[in-house]
Amino acid sequence: MLGMLKKVFDGNKRQLNRMKKQVDQIEALGPEIAKLTDDQLVEKTMEFQERVQKKGESLDSILVEAFAVAREASTRILGKRPYPVQLLGGISLHEGNISEMKTGEGKTLTSTLPVYLNALTGKGVHVVTVNEYLAERDATEMGELFNFLGLSVGLNLNSLSREEKQDAYASDITYSTNNELGFDYLRDNMVLYKEQKVQRPLYYAVVDEVDSILVDEARTPLIISGQAKKSASLYMQANGFVRTLSKETDYTFDEKTKSVQLTEEGMNKAERYFQVENLFDLKNVTINHHINQALRANVSMHNDVDYVVQDGEVVIVDQFTGRLMKGRRYSEGLHQAIEAKEGLKIQNESMTLATITFQNYFRMYEKLAGMTGTAKTEEEEFRNIYNMNVLVIPTNKPVVRDDRADVIYKTMEGKFLAVVADITERHKQGQPVLVGTVAIETSELISKLLTKNGVKHNVLNAKNHASEAEIILEAGQKGAVTIATNMAGRGTDIKLGEGVREIGGLAVIGTERHESRRIDNQLRGRSGRQGDPGVTQFYLSMQDELMRRFGADNMMAMMDRLGMDDSQPIESKMVSRAVESAQKRVEGNNYDARKQLLQYDDVLRQQREVIYGQRNEVLDAENLRTIVENMVKATIGRVVAMHTPAEELEEDWNVKGLVDYVNANILEEGVVTEQELSRLDPEEMTELIIEKAMAYYDEKEAQLPEDQMREFEKVIVLRSVDSKWMDHIDQMDHLREGIHLRAYGQIDPLREYQMEGFAMFEAMIAAIEEDVTRYVMKAQIDNNLEREEVAKGEAVNPKEGEAKRKPVVKQDTTSRNAPCPCGSGKKYKSCCGR
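How each quantity is defined
Throughout, a residue's number is its position along its own chain's written sequence, starting from 1. For this predicted model, a pLDDT threshold of at least 70 governs which residues receive local features, and a threshold of 80 or more governs which side-chain atom pairs are given and counted, while totals over whole chains, interfaces and linings are taken from all residues. Values reported for side chains reflect all heavy atoms of the structure, with hydrogen atoms and water molecules removed beforehand. The way it works is that DSSP assigns letters per residue, a run of H or I at least four long becomes a helix, a run of E at least two long becomes a strand, and they are numbered from the N terminus. Burial classification: accessible surface area is computed with a 1.4 Å probe over protein chains only, and a residue below 20% of its type maximum counts as buried, one above 50% as exposed, and the rest as partly exposed. Any two strands between which DSSP finds at least two bridges are classified as paired. Note on terminology: a nonpolar core comprises buried Ala, Val, Leu, Ile, Met, Phe, Trp, Tyr and Cys residues joined through side-chain atoms within 4.5 Å. Note on definitions: a residue-residue contact is assigned when non-hydrogen atoms from the two residues lie within 4.5 Å. Take the residue count of a helix, subtract one, and multiply by 1.5 Å to get its expected span. Only rings of Phe, Tyr and Trp enter the pairing, Trp through its six-membered ring, and a pair is recorded when the two centres are within 6.5 Å. The plane angle decides the type: under 30 degrees is stacked, over 60 is edge-to-face, the rest tilted. Cation placement over rings: the criterion is NZ of Lys or CZ of Arg within 6 Å of the ring centroid and within 35° of the ring normal. Helix axes use the C-alpha atoms of the stretch in contact, all axes being lines fitted to C-alpha atoms, and the angles between their N-to-C directions lie in the range 0 to 180 degrees. By the definition adopted for this analysis, an angle is roughly parallel if under 35 degrees, roughly antiparallel if over 145, roughly perpendicular if from 65 to 115, and oblique otherwise. It is the rotation of the near helix from the far one that decides the hand of a crossing: anticlockwise by less than a right angle makes it left-handed, clockwise makes it right-handed. Gly is placed with the polar residues, together with every amino acid not listed as nonpolar (Ala, Val, Leu, Ile, Met, Phe, Trp, Tyr, Cys and Pro) or charged (Asp, Glu, Lys and Arg).

1. Side note on unusual backbone geometry
- At glutamate 209, a residue that is not glycine, the phi angle is positive and equals roughly 50°.
- Mapped onto the fold, glutamate 209 is located in the loop between β5 (204–208) and α10 (210–214).
- In this structure glutamate 209 comes out as buried when scored by relative accessible area, which is 2%.
- Even without glycine at this site, glutamine 275 takes up a positive phi of about 55°.
- Considering the arrangement of structural elements, one finds glutamine 275 in the loop between α12 (264–273) and α13 (285–300).

Now the structure itself:
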């Protein structure tokens, strides 16, 4: 009965049986394909491309033929013919699954089959590896096969220039590391011209060592960090200037909305103080921003009301609850402006320019697949987060490796002496030994002990990973002893030297259990490849970290009672089971941590998709007039609503504040008057101001060549979006750091993060619209019109630095406050300089 149930519910077996039918069809087609000449084989690629790209055939419908062609080409070019189990693995990868294939089963060759098939679409396939050495090796070796079949192969390395990266991504197949793919995506969403992008839309990726990339490395997000072009001295300067101003004469303050605006007189004072001719010139955007924030800090923000100063830091006070919100910072430089006001050290601004987790990057591919020797233990995570199933592919030959039960010692000292004795004994017989350690210190300790015993050996750890491949290749030779951290040697097979099979194959000795069963299995899998003999043995002690964390005390007491010393190990299945259950608990905790990271990053992911989507629209659009108009209208609507709240009586509306705002940020002084607006309801006010703003926009447009006006809009929108988005990421970072404290108040931190993050995002969108409105309506277009990076990121390629396109612009040197040269008697800024 149990066997029958197992048969019904074993999805792995059912899937494999279905795929085996396709493998039989590929096998049957083999002799026919083998008769083709090299030229005819190559022509098959063009035939497939025509059928897929022009006739619309599905990849599934040509899978059997394409796999048979790739298999034949591999036999001729690489001298390797994929086994039926490799065909199985290839079909599984094409279907977007994870193929779990034991070490030495030829995962790299297996991947060529689905990569070839999917590259026929012309959309680009990415083959992802853990390091550049493997990417280069696979691109070179497998590139011969793909080039023979008429497909182009690109290698994406960190050292490439932008043009070289574009060529690599334009290839049918691109080999790259996961880090470089993620950074290129982030950099692509910081470019100033669409021609500078390197990646195409993400179509299909095959991830080698998928558990390492999508699980182990998923705990740390990719970050491009840098510093915004805002200096502490400018905050101090702006603060000094604002302290010289007088209310009403130089600025107006609206108590209800807490908005502060410079008057015409205030603007003139600012131009004299900072020695600039036109405060609204694009090159003075930064000065203008700093003045506005210094005004807000000095006029509308109050110590012990809006914030408190604690231990030399400005801490925000929640206006609703009165609680201190440690870890939160005001955005857009307001926090720095308050620090300047209070005479505190001004902290760095906007350190995180762009960020993404591997989970969210790889989930953007239309189809994702992966290969590894160990994934079944993390199947739940792969299914829940990436929507990928794990299929265990049978080995080509039965595994004859001897996996021995764990040996447990009382102390670490006893364990290491036993490990060294075992290695020395095997070394005398000439049996190669691979010693797996969890930490670098352990590998160095064993190295010292072996040197004392006169055993020649190699040490492979993070300190000398450059020679990793060479050391691993020699590890299967007679008498070789290799000490490595457990993760070492991923992606490279240990081939047995002459005469090694006869003396038992490769011996793998583990000096400690890793907190993940997967890593232990990965180490075991280094031995016994392709039906080779081999032996694996783990040595543990009661003082190991995993044992200490999960109740080794009882066992220690038992060993003491039995009078056992360090020379007497315990070999017990019960202990091995206890260790495995401890590992399961740790794996569960780690999964929860990664899941939580993803839940927090999902908030940012939704926002990132909106911003990057809109940014791409801006880069692609020829004419942004409609987008800018909508921003102007939204800003006007918001400002009118803020000054005429529905819950207040009409006589309490702040029409004067509204007029002050419009004069300072949208229209010239006097175009809209208090008297004119006070007769209207809010909807009519909005319509009137929009009408006048659009007429003013038309005037401005008429004075400039079409292409210059369009470029001007792009400069304004890109600069505003980039600076506000970078500030926002920084604020979300600070929010994330402090949000866990909310749990003490019986509040769900994630829900709070989602709600506050959404409110902050809404505020950022409003700030972008307001910024664009102010500069589009008020700025004078001078001869410095060009797109500029808001900040320089550390991860930006050092070779990037191509010249920016500079639009043709009209030269004009008349001072804003000088009499207008047209002879009207007005100031230039109020006449022809508008």
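2. Remarks on the sheet that holds strand β10 (residues 313–317)
- Taken together, 3 strands build an open sheet; the order of strands is β9-β10-β11 and the sheet is antiparallel. Across the chains shown, the open sheet's two edge strands, defined by having one partner strand only, are β9 (307–310) and β11 (324–325).
- Here β10 pairs with β11 via 2 bridges, running antiparallel. Paired with valine 317 across the strands is leucine 324, a residue of β11.

3. A few points about the nonpolar core
- Of all hydrophobic cores here, the largest spans 115 residues; its most connected members are Leu186, Leu214, Ile291, Leu295, Phe362, Phe382 and Leu677.
- Counting residues per element, this core draws most heavily on helix α28 (residues 706–739), at 12 residues.
- Not counting residues within four places of it along the chain, the set of residues in contact with isoleucine 291 comprises Ala238, Phe241, Val242, Leu262, Ala270, Phe274 and Leu279.

4. Some points on α13
- For α13, which comprises 16 residues, the first-to-last C-alpha distance of 22 Å matches the rise-based estimate of 22 Å (1.5 Å per residue) to within 8%.
- Burial of α13 is extensive: 12 of the 16 residues sit out of reach of the surface.
- Taken together, the buried positions of α13 are Val285, Ile287, Asn288, His289, His290, Ile291, Gln293, Ala294, Leu295, Ala297, Val299 and Ser300.

5. What to know about the packing of aromatic side chains
- Here the structure, examined in full by the defined rule, presents 14 aromatic pairs.
- Measuring from ring centre to ring centre gives 5.9 Å for phenylalanine 362 and tyrosine 365, while their planes differ by 15°; the resulting arrangement is stacked.
- In this structure, lysine 367 packs its charged tip against the face of tyrosine 204, placed 4.8 Å from the ring centre.
- Sitting above the plane of the phenylalanine 538 ring, arginine 513 keeps its charged end 5.0 Å from the centroid.

6. Notes on the packing of helix α24 (residues 625–643) against helix α25 (residues 655–665)
- In contact at an axis separation of 9 Å, α24 and α25 are set at 155° when each is read in the N-to-C sense. Classed by the angle they form, the pair α24 and α25 counts as roughly antiparallel. Regarding α24 and α25, the two cross each other, and that crossing is right-handed. Touching Thr635, Val639, Val640 and His643 of α24 are Gly657, Leu658 and Tyr661, all from α25.
- Class assignment for the residues of the contact of α24 with α25 results in 4 nonpolar, 3 polar and no charged.

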